[in-house]
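Structural characterization, general
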Amino acid sequence: MSVTYDVAVIGAGPAGYVAAIRCAQLGLNTVCIDDWKNGEGKPRLGGTCLNVGCIPSKVLLESSENYERIQHNFPAHGITVEGVKLDIATMLARKEKIVDTLTDGISVLFRKNKVASVHGRARFAGGGALWKLEVTQPDGDMQRIEAKHVIVATGSTPRQLPQVPVDNGRVVDNVGALAFKEVPKRLGVIGAGVIGMELGSVWRRLGADVTLFQAHEIFLPSVDEQVAAEALRIFSRQGLTFRRGAKFSSIKVGKKEVAIELEDKDGTAKLQFDKLIIAIGRVPNTAGLDGDKVGLKLDENGYIDVDEHCRTSLPNVYAIGDVVRGPMLAHKGSEEGVAVAELIAGQAGHVNYDTIPWVIYTSPEIAWVGQTEQALKVAGVEYRKGTFPFSANGRAHALQETAGMVKVLAHAKTDRILGVHIIGPFASELIQEAVVAMEFGASSEDIARIVHAHPTLSESFHEAALGVAKRSIHI
Ligand code: FAD
Ligand code: NAI
């Protein structure tokens, strides 16, 4: 017996669960199928983002920043705290509790919106007027589902380094790196990208000696070059060791440590680590979906091939989130979910890929929207720029967070804002003003003429916008 729905969503990460809720809001009879289980085998909605990604990583960032602040920042305020202790078990339990609260919250949202939730692994079992899916449940039982429309939101998994298999013991991916039971004394990180920087920073703040390896010379290549250079200076000063352009001659995983031999521009080195994080990117998750059996096309990089409206090669089958082209970001997937639900309901769903904000949650944070200065140069676009350092911002001094800057790039002739790049305190929050400005086609002059409250960090964005016309006041 199969149950028939208007829409079946495969995957309940931020792309899939948001798509399912929006479909239900629009009156479509919707089921969301997901196979995620926590360590105790309990089904948990929310996918990578809520379980082992965005949320738990930010929870640990906050804990580790508190630990660092109390030791290194408080004395300047005249506050001395003696006997500071670290209890990793409590820290991890807090993280798990927050994950439980938020993942349970999705179940509540599903019930409230009447989204049917099915736990198990889905695969395409046939087409026709209705798509046929088979869902294998953990006890081996099979559930059959038919749907007029299918939204594939199966996400991504960590890219593997063939010679060093992840066991989430000594060699870990993001899952293991969010759950170390004690602070590793010597932590190696292969991949100085977003995960490497965020989680490497967490464990450094908690006391690990962290070395980040990167195959390429260029640090954070998708970040504006000026910001990336500033970031490298700041993070090196914080005590992170970078080995860029590293070529490994051997990586041996022993019972007590991981031994790495490598060559980079500083010569050859033999290093030992207690734990090794592998964070060299993520790959789209299409395994076991049997899309190939019904003609679902993949692109040359293994992502499900979609057009600008997330339509796949199959009629009434859409794909969204990490499993399709574009940045692997939770909010990008969620917006695609909303857009696809609205398209299915006959509305004009749309995602503006040009104004998707990026944030790297290091300390200080890095955030940007729009084009980098190097991309504008390559494209031959004439631009003007304004920059403003947080060291000239009153609120940043009060916060004791004066490193970094805001940079505004505007078209030389039209003055339209083309990109905004921030490294500094609460960059993740500040960037949203730039996103709104760009969505509304604002010029740097528009921002320069908007009143910004004093004293706020946002005054730095105001001053950087003034700087485009060389009329910053406080620098
Ligand atoms: P996923 O979240 O991966 O969800 C896919 C779901 O589908 C999973 O539950 C999976 O089990 C299920 N599934 C797969 N195949 C099947 C099947 N055949 N049948 C049933 N179910 C299936 N992004 C941000 O924007 N901000 C951040 O701060 C951030 N931090 C991150 C930190 C880390 C450590 C990591 C690893 C990622 C982070 N990301 C962040 C990226 C973000 O997690 C992803 O972009 C996001 O989770 C993608 O959402 P998704 O719904 O496409 O896929
Ligand atoms: P990444 O693409 O950000 O970084 C991977 C790094 O590994 C790069 O610097 C690359 O040069 C390096 N690398 C690749 N192969 C290598 C090799 N063989 N040896 C050494 N170095 C190698 O990927 P990462 O950090 O794994 O994150 C995956 C994705 O998850 C991100 O691209 C992002 O989309 C998402 N994410 C987003 C976050 C956020 O929004 N704050 C936080 C964490 C992840």
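The structure under discussion appears in the preceding block.
Structural notes, computed from the coordinates. Please read these numbers as outputs of a predicted model, since none were measured by experiment. (Residues numbered from 1 in each chain as written. Chains lettered and ligands numbered in written order. Predicted model: local features only at pLDDT ≥ 70, side-chain atom pairs only at ≥ 80, totals over all residues. Heavy atoms only, no water.)

For the protein, the count of helices and strands is 14 helices and 22 strands. For 475 residues, the compact-globule formula gives about 23 Å, and the C-alpha radius of gyration of the protein, at 24 Å, lands near that figure. Oriented by its inertia axes, the alpha-carbon framework of the protein measures out at about 70 × 60 × 45 Å. Within the span of the protein, comprising 475 residues, buried residues form 51% of the whole. Taking contacts inside the protein between residues at least 6 apart in sequence as the whole, the part at least 24 apart equals 62%. As presented, the protein carries roughly 21,900 Å² of accessible surface, and 53% of it is formed by carbon and sulfur atoms. Treating the 52 positive side-chain charges of the protein as one cloud and the 55 negative ones as another, the clouds have centres 2 Å apart. (Helix = DSSP H or I, 4+ residues; strand = E, 2+ residues; numbered from the N terminus. Rg over C-alpha atoms; globule rule 2.2 N^0.38 Å. Buried < 20%, exposed > 50% of the residue type's maximum accessible area, 1.4 Å probe, protein only. Contact = heavy atoms within 4.5 Å. Areas by Shrake-Rupley, 256 points an atom, 1.4 Å probe, with all protein chains shown as cover. Lys, Arg positive; Asp, Glu negative; His and termini not counted. Charge placed at Lys NZ, Arg CZ, Asp CG, Glu CD.)

As a further point, take empty space enclosed by the protein. Gaps left between atoms show up when a probe the size of a water molecule is rolled over them. According to the stated counting rule, one finds two cavities of 30 Å³ or more in the structure shown. Of the voids in this model, the largest cavity is the one considered here, and its volume is about 50 Å³. In terms of lining, the largest cavity is formed by P158, R159, D173, N174, I195, I278, A279, I280, G281 and R282. Here the lining of the largest cavity is built from residues that sort into five nonpolar, two polar and three charged. E308, H309, C310, A339, V340, L343, G349, H350, V351 and Y353 together form the lining of the second largest cavity. Taken together, the residues of the lining of the second largest cavity break down into six nonpolar, three polar and one charged. (1 Å grid on protein atoms, 1.4 Å probe; cavity = no way out; pocket = protein on both sides within 12 Å on 5 of 7 lines; lining within 4 Å. Points joined across faces, edges and corners; volume = space filled by probe spheres on them. Nonpolar A, V, L, I, M, F, W, Y, C, P; charged D, E, K, R; others polar.)

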